[in-house]
There are 2 protein chains.
Amino acid sequence: MGEMVEMSELGELMEYVKRVSDATNDTLERVLPAEAVYPPSIHKLMRYSSFAGGKRVRPCMVMAAYEACGGKFGDDKALKVAAAVEMLHTFSLIHDDLPCMDDDDFRRGKPTAHKAFNEALAVLGGDALCILAFEVLASVGRIDVISEIATALGTGGMIGGQVVDIESEGQKVDRATVEYIHMNKTAALIRASIRSGALLAGAAGDVLKNLSSYGNNVGLAFQVVDDILDEVSTTETLGKDAGSDLEKGKATWPSVVGIEKSKSYAQELIAKAWADIEFLGNKGKILKDLAEYIRVRIS
Amino acid sequence: MGEMVEMSELGELMEYVKRVSDATNDTLERVLPAEAVYPPSIHKLMRYSSFAGGKRVRPCMVMAAYEACGGKFGDDKALKVAAAVEMLHTFSLIHDDLPCMDDDDFRRGKPTAHKAFNEALAVLGGDALCILAFEVLASVGRIDVISEIATALGTGGMIGGQVVDIESEGQKVDRATVEYIHMNKTAALIRASIRSGALLAGAAGDVLKNLSSYGNNVGLAFQVVDDILDEVSTTETLGKDAGSDLEKGKATWPSVVGIEKSKSYAQELIAKAWADIEFLGNKGKILKDLAEYIRVRIS
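Residues numbered from 1 in each chain as written. Chains lettered and ligands numbered in written order. Predicted model: local features only at pLDDT ≥ 70, side-chain atom pairs only at ≥ 80, totals over all residues. Heavy atoms only, no water.

> Break down the side chain of K250 of chain A for me, citing the residues and quoting the values.
Residues and elements named next belong to chain A. Tracing the chain through its elements places K250 in the loop between helix 12 (244-248) and helix 13 (253-257). Engagement of the side chain of K250 in a polar contact is seen with the side chain of D165, the distance being 2.9 Å. Sequence-distant contacts of K250, that is, excluding residues within four places in its chain, are made with D102, D165, E169, D245 and S255. (Helix = DSSP H or I, 4+ residues; strand = E, 2+ residues; numbered from the N terminus. Polar contact = N/O pair within 3.5 Å; in protein donor to acceptor, adjacent residues only side chain to side chain. Contact = heavy atoms within 4.5 Å.)

This is the structure in structure tokens:
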């Protein structure tokens, strides 16, 4: 593996992220019902939240793993899976932001779904995005991918992480609990995105195993970096209430190990992620840069 | 078709409903994580709501259609689909009962999920049941069934019906709107349950088409009868707040056409449902009795 690179050297990656983002947006445009379709309110909400400026990290993971394992950029089935994981991520954010959960008024600089619409519609809009994601996944025709993603989302994955996240608020938590929350709430869907891209391209055995480990490491790093940024950024640069984790007594990395140790832990995780995909050689370039991109945000 | 029968003659059906109910409960017991599995709170909620005394109408529809089309009672794949549609129904009830939706404190004589636990856990528990249902459906391995059920649940089905139901509260609505709400909120999942059972047994073409029509007619009848019972029953016999539809200004059949016309409409729908499955002959006995069972509740 080479030396860690500077943001300026990530130009190729930025171009890749832009291409995936555009292709994902086109696919979402195609699979989401038009706003005018009856009943219009929920379709407006689904589109409002789906096009609210997300970075499309999970679609990038699907497509980069798909290509690394021999798939062709922009294949319809990979794009549909990319759109599905993004809808599932959006579903989780909408419900997470609800008054009974994190009670957040802003997300990516825009009012959250229940603020822009209302609570009932936000509950149902999240539900509908989750259901539509499975409908889109069914149209891809791969049982293994549906199973992979459903397992990563359930109480043994994302939802489990959300439960412990909510229940840990204001509690004194240990490092193992923070790791559980982040491994499940954040890393599970990122890992499933990577594995789904790989499965679509026909990957199996050790390739899948190494990519799973990469997914866990990158997913955890992503959340550690997010926690650090929440504590050190301003609301303006973050697009959501900065320092709100602290205010809510959330279980974060800085709260259990401090900012400096959180930074070195993120570096460590990225180094592990790089080692996981060394076997891919040049074919792993984008996955390598995606991991580096996460690190650069706190360097 | 014979004459409509009395409740006392539905003994065979009652025995069938009991068998399906027991088999569905066994399957739910098997697929739902144990209460002790971490994080326990959500698994407690999922089990609390799944075993809250539901009549298992949708599992009966799956199994009766499966058998009518040549399947064998109790086959594992049919039981899994039966458990999945019941989990999806439970998911919809949990979210429907939330304070921001129908704000119901009791369901089937027991405190609703957000009352017995809390709102955040009720949102996440509903989500988790929806996700687990798709995980269980994936384990059955039938893309067509996953697609059938996801389509019936989304904004062109159950969720769409819930949106219009909520938005019609306190409004003066016409018969077409009530029909839209009930066809989507209630009939869509009932129809999908019947079609899924039939698909599993290898049904296609006209058989599926007739069973779809049966599903729509029975599904609508079920809701018309529910609306009538809500207006004429006492809280004690109903297990939930009787007359609460009226109090909330819900769009119901009695509210647009009156009790008597609602009753004759239900009779008409059941007669249509019977005609839809006449082609099945004796193999359609249980489906016929299921339709009759719905009618008898208001006779």
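On we go from here.
> So what's going on with the interface of chain B and chain A? Which residues, and what values?
Interfaces are often described in size by the accessible area the parts lose on coming together. Opposite the 42 residues of chain B that make contact, chain A presents 42 residues. Between chain B and chain A lies a buried interface of about 3,400 Å² when both sides are counted; carbon and sulfur atoms form 77% of it. Across the chain B-chain A interface, the total number found is 0 salt bridges. Connecting chain B to chain A are 8 residue pairs in polar contact (both at pLDDT 80 or more). Elements with a contribution of two residues or more to the side of chain B that touches chain A: helix 2 (40-50), helix 4 (76-97), helix 6 (119-140), helix 7 (143-153) and helix 8 (158-168) of chain B. In terms of residues, the side of chain B that touches chain A owes the most to one element, helix 6 of chain B, which gives 12 residues. Of the residues in the side of chain B that touches chain A, the class split is 27 nonpolar, 10 polar and 5 charged. (Buried area = accessible area lost by both parts, 1.4 Å probe. Salt bridge = Lys/Arg side-chain N within 4 Å of Asp/Glu carboxyl O. Nonpolar A, V, L, I, M, F, W, Y, C, P; charged D, E, K, R; others polar.)

> Which residues make up the packing of aromatic side chains, and what are the values?
Residue and element names in this part refer to chain B. Inspection of every chain in the model, using the stated rule, returns 9 aromatic pairs over all chains. For the ring pair Y16 and F73, a centre distance of 5.8 Å and an interplane angle of 70° mean the geometry is edge-to-face. Of this pair, Y16 sits in helix 1 (residues 11-31) while F73 sits in the loop between helix 3 (57-68) and helix 4, and the two are 57 residues apart along the sequence. With a centroid separation of 5.5 Å and an interplanar angle of 75°, the aromatic rings of Y48 and F117 are classed as edge-to-face. (Phe/Tyr/Trp six-rings, centres within 6.5 Å; stacked < 30°, edge-to-face > 60°.)

Note that all results are geometric; they support no functional claim without further evidence.
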